[in-house]
Amino acid sequence: MRDDGEYKREGPHTEHIGCIASVAIGTAGCLWLASTVKGDLGLNWVDAAFDRILGLSNRLEITAVLPLLAKTTAAVAACSGVLDVVRYPSRLKEIYIPGSFVGFTMGTGGLVALGSQRHWSWGCYMMSVSMYHASEYFITALHNRDVLSVDSWMINHSKEYGAAAAASWIEYWVECALFPRFQFSMVSKIGAVMVVLGDGLRKLAMHTAGTNFKHQVADTRIDGHELVTVGVYRLFRHPSYVGWFYWSIGTQLLLCNPICLLAYPVISWQFFRDRIDREELRLITFFGKDYVDYQRRVGTGLPFISGYDVVEYPSS
């Protein structure tokens, strides 16, 4: 990922709009495909999902305009995407391919959540993970255009992230096969709340930090890099990490995965303990006593992690 602050992108600052368009294209494609096979492949959950959508539209009295609204939204998103890619071909790989994949996954999750009583939590999980990745790119595009890349979707975050996700998927489906009654609705609902609040906190932290937020720990201070101590940074020194920590735990509560529910906090805690030490050493180098005073006023927000310990700066 480019984080030198010197790379200048071509074209207008519209990558955040492209993010929305690409996710809309993927979601629309999912719904179109599902509506095409509805009733033909014996997928009862697809039929049930569309029945619930129709029922909701009837209650809202928008049934007559719903198809037109859906087609218009898809057409506008598709036309916007085509024009964007024609003018700036590099955006196909960076924005529209990963964004459409995320949108397709989000749409599939929505159908599962609506149509399957047994696996509604899996559908909510798919939507929450999709929203996490889409909003990572969107916020970065909004505030940090010069470091924006395909990596900003955080889909290929690391091998460890992929392995942890795969482990949770395997655990969920093995449990469903061996213990079909193991799922607990109330636990999943608590997890859903944690997912929303955790990711919301992370995105609020990214938005508050603005251009000062980077996905990678910076080794050198670039021009314009400021110490952020306002908003949610008054509550936690590392609110984006706090949000991700509880978001990840929430995903496992949502899936009712007891093994990953125990493993995720331990692994995440170890990761953030080491990362915060490394990051705060650099922040102290960048900001000196200002950061040390901030350390003394505000905690990290993560349990039993105090951050990099400095003793050479006297108290104010």
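Structural data are supplied above this passage.
Residues numbered from 1 in each chain as written. Predicted model: local features only at pLDDT ≥ 70, side-chain atom pairs only at ≥ 80, totals over all residues. Heavy atoms only, no water.

**Considerations on the packing of helix α7 (residues 185-209) against helix α8 (residues 239-255)**
Okay, so step 1: Orientation of α7 relative to α8, taken along the N-to-C sense of each, is 160°, at an axis distance of 7 Å. Our classification of the angle between α7 and α8 gives roughly antiparallel. The two elements α7 and α8 cross, and the hand of that crossing is left-handed. Contact with α7, carried on its side by V187, S188, I190, G191, A192, M194, V195, G198, D199, L201, R202 and A205, involves P239, S240, V242, G243, W244, Y246, W247, I249, G250, T251, L253 and L254 of α8 and no other residues of that element. (Axes fitted to C-alpha atoms, helices over the stretch in contact; angles between N-to-C directions. Helix = DSSP H or I, 4+ residues; strand = E, 2+ residues; numbered from the N terminus. Parallel < 35°, antiparallel > 145°, perpendicular 65-115°, else oblique. Left-handed = near helix turned anticlockwise from the far one by under 90°. Contact = heavy atoms within 4.5 Å.)

**As for the nonpolar core**
Okay, so step 1: Core analysis: the largest hydrophobic core is formed by 42 residues, its most contacted members being W122, Y233, W247, F272 and L302.
Okay, so step 2: Contributing elements (two or more residues each) for this core: α5 (120-143), α6 (159-178), α7, α8, α9 (258-287) and α10 (289-297).
Okay, so step 3: With nine residues, α8 is the largest single contributor of residues to this core.
Okay, so step 4: The next biggest cluster of nonpolar side chains, apart from the first, holds 13 residues, and it includes A21, V23, Y96 and L148. (Core = buried A, V, L, I, M, F, W, Y, C linked by side-chain atoms within 4.5 Å. Buried < 20%, exposed > 50% of the residue type's maximum accessible area, 1.4 Å probe, protein only.)

**Looking at the packing of aromatic side chains**
Okay, so step 1: One pass over the structure, following the stated rule, counts 13 aromatic pairs.
Okay, so step 2: Relative to W173, the ring of Y172 lies with its centre 5.0 Å away and its plane at 90°, an arrangement referred to as edge-to-face.
Okay, so step 3: Each residue in the set Y132, Y241, W244, W247, F271 and F272 is aromatic and connected to the rest through ring pairs, giving one cluster. (Phe/Tyr/Trp six-rings, centres within 6.5 Å; stacked < 30°, edge-to-face > 60°.)

**So, helix α3 (residues 66-87)**
Helical geometry: 3.6 residues make up each α-helical turn, so side chains three or four residues apart lie on a common side.
Okay, so step 1: The terminal C-alpha atoms of α3 lie 32 Å apart, and with 22 residues this matches the ideal 32 Å at 1.5 Å per residue to within 8%.
Okay, so step 2: Among all positions of α3, only A77, G81 and D84 are buried. Taken end-on, α3 shows its buried residues confined to a sector of 65°, consistent with a single buried face. Turned more than 90 degrees from where α3 packs its buried face, L68, K71, V76, V82, L83, V86 and R87 sit exposed.
Okay, so step 3: Where α3 is buried, its residues touch α1 (15-37) and α4 (90-115). (Expected span 1.5 Å × (residues − 1). Arc of directions from axis to C-beta.)

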